[in-house]
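# Descriptive structure summary
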Amino acid sequence: MSITEPTNVGLNQGTHQKLKRLKEDGHFGEMVDAYRCAIALALAYGVVPDDNITSRSNIFNVGTVDPDKEIYTAIKAIIPKGDIAVYKMAERLAEWGVNELSDKAKSGFLDFASLINDAESQLSS
Amino acid sequence: MRIKSLTMNNFMPYKGVHTLSFPEHPNRNVMLVMGDNMRGKTSFLNAIRWAFYGRALGRHLREIPTHQLHNTEAGQEGDWMFEVHIQFESEKHTYDLRRRASKKNMVAIPNSPEDFDVVIGLQKDSMAIRADQIDFEINKIAPEQVSRFFLFDGELLQEYENLLIEGSEQGKKIKKAVEQVLGVPALIYGRDELSTIFKKAQKQQAKDLSQVKGLERQAEQQAHYQEKQLILSGDIERIGAKLKETEKERLELDDKLDGLESIHEAKAHLDMLQKRQKSILTEQEGKQHLRLEAASDVWRDLLSVKLSIKRSQLQARQKQLAEKTEQKTVFETKIKQLEKLLNTSECPTCHQEIGENLREEAGRELGELQGKIRTFEIDHKESMEIAAELAHISAIRSTGAGKRIESIDADLRRLDVELTQVENDAEKKRKEIKGYDTADIARMRALRDTLLKEESTLQKDIDDTQAKIDDITRQLEVLAKLLQDDPAARASKSTAKVRVALELQELFKQSIERLRGDLKGRVEKLATEAFLHLTTQKSYHKLEINDNYGLQIIDDTSQRVEVRSAGAEQIVALSLIDGLSRTGRAAGPVIMDTPFGRLDLKHRENILKYLPNTASQFILLVHDGEIRKETDLEPLYDKIGLEYEILEVSPRHSKFERV
């Protein structure tokens, strides 16, 4: 049975607000940059995301988030094949990632260098 | 001349009566007066100046009005009299000079010079001198015009350093002052008087000759020149008055601005800080922009970390598959060779027939290889999929966004610290200038600059007009000489008068030049003498004087020394002042107020060694910051006759203490 990829991706409504704040507080230039970063963060940290997102709403067209299908490739490469569409998985990863970024930005400063360093040290451990 | 004692009563900060003895021993003729700034060193100098000449000088040589010479605290206590009393001797006569100012009876609180009556008394050998003779008597002993050279302050030194700048405006003014001191004006006035007589005579001559047939044209020309000369003289007078007025206005502004200099500096600093604040904010904005750009690539950095493992796994698998394929190829080749050997029973290398034993062995080997190759399953699809996946993954590469952001964050932190510092400093400066109208200070500064330019334009106008007058004067002199040769003109009485006036005028002109030359020679000699004692540079040979009394250093190869340090300029100026002082009067006391500004220790030492020998008394007014009493004054130790310290009783009351 083939899996149909969604054409839109989104977030829980509360997480969507956090995504907006990440842009408004000047941590990202565009919301889509934060969304991509959130997916990558979850992947880098080896997160196994929750199955369902409650009160979900569409935010982006898949083509906007991943015009060259790089995220698609990365997810497929990193996460073992399952019965879920790749972009559905991306959405779940983003849900976790946006919450994490929002937590880390609470002090007013989002330390990207530490995020990357942490991801590297997780790999080596 | 030698001062024996000075008594001040309620003069400036010296409330009540203060008497100071002066050193009288010829070999211990130095008097040292130490005092912090604002304690009254310059007031001490002014007390002597006021007693002798009835004037005290403030900044820019501005006269301090009489009512401001009175001690404020004494006034508050109802004591409205102040006095300076000096006892001195000169050429074996003793003098007793007393100048006293008292509030007029009708005045309640004096607030102008007119509110005081000033009286002066001078006794010579205990005999009172007639009031109208006092100034004459004083000027005979210590001419007022020379007083600035023996009642000497740092400002004078600064002024005389300007003399050394060839062609400076101030240099020209000082030249006039110097000539005044050296007595040249007596001849200049004589020449000017004769010039007036000459002009009058020529006017009369023009009138007379207009009646003589054949000379009407010359008479008319003469009248024309005279009229032009009159107009131009009027112009000079008018421009000169305007120049004086402009100068006065500018000096007043200078005084006001001097007091506001620190506010102006604070405002300029604040402007600079605000500019820096703006530029930091712009820089921060730029960095923030770069940070956002880099943030949009962070996801690649994060993924590339994780994907690097996947990439390694895929590459390892790819390598494994490649090795397997290679192995299979090797086996296939070997099988083909063995099959051929068994079919032909011939060695593939030497083409000789092989034995049965070898064939059997080859057959066994072939069987084993055929068995092995059966297990070789090469999955080409997997290879292709791995290659494709690797290509996709390799496209997701780190852009170094993390490192870029790290460096930007470091810059932003540095800028944040600097911004806080700048904001704190700006706040301090704002407090400093609070209550001052900085716009008005800026206005005054701009106006001062405009007035300065105007002064220079007016001075140029005067010089140009004077050049025209000089030209006309020459024309008139030529005309006068021509008329002298004309028999008809010679017969007139006015022509004879013109001739006498012209000849006398010429005589005075030559005398002025001769006197100037003599005086300059003497000043040059005395200044060189002083300079060679004061300078620390052995290769300096002499000083050479120029037309404006400026001095050039000449070295031992007879070359001019073009570049001089600030210290050298001060030494040259000091030498000039000493030369002028000794040219203008007989030896007398020298009182120096804060003279050591930019001089190094060796130069100070030279001054301290030299000056006590050229003056009858050497009174040195210094503060701690200028000189270290214990070490710097060593050359003077055996010459110090008396030493005083000025102490503060209150901000408006100082007193002397003998050390």
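Residues numbered from 1 in each chain as written. Chains lettered and ligands numbered in written order. Predicted model: local features only at pLDDT ≥ 70, side-chain atom pairs only at ≥ 80, totals over all residues.

## What to know about the overall build of chain B
Counting its secondary structure elements, chain B contains 19 helices and 14 strands. When contacts within chain B are restricted to residue pairs at least 6 apart in sequence, those whose partners lie at least 24 apart make up 74%. (Helix = DSSP H or I, 4+ residues; strand = E, 2+ residues; numbered from the N terminus. Contact = placed C-beta atoms within 7 Å.)

## Regarding the overall build of chain A
Looking only at helices and strands, chain A features 6 helices and 2 strands. For chain A, the succession of helices and strands along the chain, N to C, is β-α-α-β-α-α-α-α. The buried share among the 125 residues of chain A stands at 37%. Of all intrachain contacts in chain A linking residues separated by at least 6 positions in sequence, the fraction that spans at least 24 positions is 82%. (Buried ≥ 20, exposed ≤ 12 C-beta atoms within 10 Å, placed from the backbone.)

## Topic: the sheet that holds strand E1 (residues 2-11) of chain B
By definition, the strands of a sheet pair up through backbone hydrogen bonds, in either a parallel or an antiparallel sense. All names here are of chain B. If you walk across this open sheet you meet the 6 strands as E2-E1-E4-E5-E6-E7, and the pairing is antiparallel. Looking at the sheet topology across the chains shown, the edges are occupied by strand E2 (14-21) and strand E7 (127-128). Sheet topology places strand E4 (residues 81-90) next to strand E5 (residues 93-103); 10 bridges connect them, and they run antiparallel. Bridge pairing in E5 links Val84 to Arg99. (Pairing = 2+ DSSP bridges.)

## Details of the nonpolar core
Soluble globular proteins tend to pack their nonpolar side chains together in the buried interior. If you look at the biggest cluster of nonpolar residues, it comprises 78 residues, and the most contacted ones within it are Val33, Ala47, Ile48, Val572, Ile591 and Leu620 of chain B. Setting aside its immediate chain neighbours within four residues, Ile48 of chain B contacts Leu6, Ile86, Leu151 and Ile591 of chain B. Grouped together as the second largest cluster of nonpolar side chains are 47 residues, Leu22, Ile39 and Phe112 of chain A together with Ala401 of chain B included. (Core = buried A, V, L, I, M, F, W, Y, C linked by C-beta atoms within 7 Å.)

## A closer look at the interface of chain A and chain B
In this complex, chain A contributes 24 residues to the contact, which on the side of chain B involves 22 residues. Of all the secondary structure elements, the ones that give two or more residues to the side of chain A that touches chain B are helix H2 (31-44), helix H4 (70-78) and helix H6 (112-124) of chain A. Tallying contributions element by element places H2 of chain A first for the side of chain A that touches chain B, with 8 residues.

## Things to note about the sheet that holds strand E13 (residues 640-650) of chain B
All names here are of chain B. If you walk across this open sheet you meet the 6 strands as E8-E11-E12-E3-E13-E14, and the pairing is mixed. Here the strands that pair on one side only, and so sit at the sheet edges, are strand E8 (151-153) and strand E14 (653-658). Between one strand axis and the next, the sheet turns through 20° on average, direction left out of account. When E8 meets strand E11 (residues 589-593), the two strands line up parallel, connected through 3 bridges. Looking at the pairing, Leu151 lines up with Ile591 of E11. (Axes fitted to C-alpha atoms, helices over the stretch in contact; angles between N-to-C directions.)

## Focus: the packing of H4 of chain A against helix H12 (residues 380-395) of chain B
At a minimum axis separation of 9 Å, H4 of chain A and H12 of chain B run at an interaxial angle of 120°. When the interaxial angle is binned, H4 of chain A and H12 of chain B end up oblique. Handedness of the H4 of chain A/H12 of chain B crossing: left-handed. Contact residues: Glu70, Thr73 and Ala77 of chain A in H4 of chain A; Glu389, His392, Ile393 and Ala395 of chain B in H12 of chain B. Looking at the contact of H4 of chain A with H12 of chain B residue by residue, the classes come out as 3 nonpolar, 2 polar and 2 charged. (Parallel < 35°, antiparallel > 145°, perpendicular 65-115°, else oblique. Left-handed = near helix turned anticlockwise from the far one by under 90°. Nonpolar A, V, L, I, M, F, W, Y, C, P; charged D, E, K, R; others polar.)

## Regarding the packing of helix H9 (residues 261-295) of chain B against helix H13 (residues 401-433) of chain B
Residue and element names in this part refer to chain B. Remark: H9 packs on H13, axes separated minimally by 8 Å, with the N-to-C direction vectors making an angle of 160°. As judged from the angle between their axes, H9 and H13 are roughly antiparallel. In the packing of H9 onto H13, the handedness of the crossing is left-handed. In terms of residue class, the contact of H9 with H13 is made up of 17 nonpolar, 4 polar and 13 charged.

## Brief notes about the pairing of E11 of chain B
Residue and element names in this part refer to chain B. Within E11, 5 of the 5 residues are buried, leaving the element largely enclosed by the surrounding structure. In the sheet, E11 pairs with strand E12 (residues 617-622) via 5 bridges, with the strands oriented parallel. Note on E12: the bridge partner recorded for Ile591 is Ile619.

## Topic: unusual backbone geometry
A positive phi is found at Lys69 of chain A, a non-glycine position, where the angle reads about 55°. Overall, Lys69 of chain A belongs to the partly exposed group, with 14 C-beta atoms counted inside 10 Å. Even without being glycine, Glu91 of chain B reaches a positive phi, approximately 45°. Looking at the secondary structure, you find Glu91 of chain B in the loop between E4 and E5. In this structure Glu91 of chain B comes out as exposed when scored by C-beta crowding, with 8 C-beta atoms within 10 Å.

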